[in-house]
Amino acid sequence: MPAGHGHEVSVEPLREDSQVTVVVMTRDRLPDLRRSLPRHEGPVILVDNGSRDGTPTAVRREFPHVRVVELGENHGAGARNIGVELACTPYIAFADDDSWWAPGALEVAADLFDRYPRMALLAGQVLVGPDHQLDPICLLLADSPLGTCGDLPGPNILGFLARGSVVRRAAYLDVGGFDDVVFFAGEEERLALDLASAGWGLAYVDKVVAHHHPSDSRQHHRRQVRAARNRILTTLLRRPWPVVVRAGLTAVRSGRAGREGAWQALKRSPHALAQRRVVPAHVERARRLLDHRSG
């Protein structure tokens, strides 16, 4: 069973004719789900991270085609692993409770996965808000310094937005999916490093489009703290010690949120050290190219 949840799921797998299952992770975001769920195409699995606002009951009543899995508590990004396990399609599209895929996007993605068997993850173009503004991360992905190669449909990448990504189910499960160390916020980097270390390809494809209408309930400071914490934890999980030290010092010097994040990372460090596995040299070189650009 993939890392990140550590318990059994007793429901039967979902079977549909589609090649892509949409896995949505949620917690206390029922108003957002009422807007996003009607927009999904194909089978949908909603994994609920212990909502207290009546989400599971309401979704079952209002969207009977959606399979709802109640976890009873917050498993963070690892909740997605359960949805991936339950799906019977070869490809999985992730969405948040405030995001959805453009009509026809997942059919295009499935065709690309069929044509490019080394591709484990496709990062799509993410358009934000009613004005369809391009998420700034997409500009970085499109201009990746890692170049392109003939066995992938777009630029090579080592980062992505989970809400705008489609994965090959077998590859995702093979590397353990998302983990319970990083938990949530910035969880994508460790998965990208592990997929690349296993020989899989990751590509940015702008013709596969997702929409994101950010929830009003997001808490900015808390997200900053989590981001700082998880940058340190990801380096501790997979990167050489000098990189770990630099990440910690950068966080401490960056302000209050960074210092809080560093303290939280220190408290989680025994769990991270137990799962530490440094990536191969060629993957570390690629990651350093991206570090140099952002630094």
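Residue positions are counted from 1 within each chain, in the order its sequence is given. Only residues with pLDDT of at least 70 get local features here, since the model is predicted, and only at 80 or more are side-chain atom pairs given and counted; chain-wide, interface and lining totals rely on the full set of residues. With hydrogens and water set aside, each side-chain value is computed from the structure's full complement of heavy atoms.

**Q** Explanation requested: the packing of helix 8 (residues 220-238) against helix 9 (residues 241-253) in the structure shown.
**A** Between two packed helices, what matters for the description is the angle formed by their axes and the separation of those axes. Axes here mean lines fitted to C-alpha atoms, for a helix over just the part in contact, with angles spanning 0 to 180 degrees between N-to-C directions. Working definition: helices are DSSP H or I runs of at least four residues, strands are E runs of at least two. Numbering for both runs from the N terminus. Interhelical geometry of helix 8 versus helix 9 gives an angle of 170° and a closest axis separation of 8 Å. For the element pair helix 8 / helix 9, the angle class is roughly antiparallel. Note on element contacts: helix 9 touches helix 8 through W241, V243, V244, A247, G248 and A251, opposite I232, T235 and L236. When its residues are assigned to classes, the contact of helix 8 with helix 9 shows seven nonpolar, two polar and no charged. Relative orientations are named as follows: roughly parallel for angles under 35 degrees, roughly antiparallel for angles over 145 degrees, roughly perpendicular for angles from 65 to 115 degrees, and oblique for any other angle. Note on definitions: a residue-residue contact is assigned when non-hydrogen atoms from the two residues lie within 4.5 Å. Gly is placed with the polar residues, together with every amino acid not listed as nonpolar (Ala, Val, Leu, Ile, Met, Phe, Trp, Tyr, Cys and Pro) or charged (Asp, Glu, Lys and Arg).

**Q** Whenever I open this one, the packing of helix 7 (residues 188-197) against helix 8 confuses me. Can you help?
**A** The geometry of helix 7 relative to helix 8 is characterised by a closest axis approach of 9 Å and an angle of 25° between their N-to-C directions. It follows that helix 7 is roughly parallel to helix 8 by the angle criterion. Seen from above, helix 7 lies across helix 8 with right-handed handedness. Across from E189, R190, L193 and D194 in helix 7, the residues of helix 8 making contact are T234, L237 and R238. Definitions for this section: a left-handed crossing has its near helix turned counterclockwise from the far helix by less than a right angle. A right-handed crossing has that turn clockwise.

**Q** Hey, could you run me through the pairing of strand 8 (residues 165-168) in this one?
**A** Along a regular strand, successive side chains alternate from one face of the sheet to the other. Relative accessibility thresholds used throughout: buried, under 20% of the residue-type maximum; exposed, over 50%; partly exposed, between the two (1.4 Å probe, protein chains only). Burial along strand 8 is two-sided: the residues S165 and V167 and V166 and R168 are all buried. Pairing of strand 4 (residues 91-96) with strand 8, which is carried by three bridges, proceeds in the antiparallel orientation. By the bridge assignment, A93 is partnered in strand 8 with V166. In this analysis, strands are considered paired if DSSP registers two or more bridges between them. Two strands pair when backbone bridges link them, and strand 6 (residues 119-128) and strand 8 are joined in this way by three bridges, in the antiparallel orientation. Across the sheet, residue L121 finds its bridge partner in strand 8, namely V167.

Function-wise, these values are silent; they only describe arrangement.
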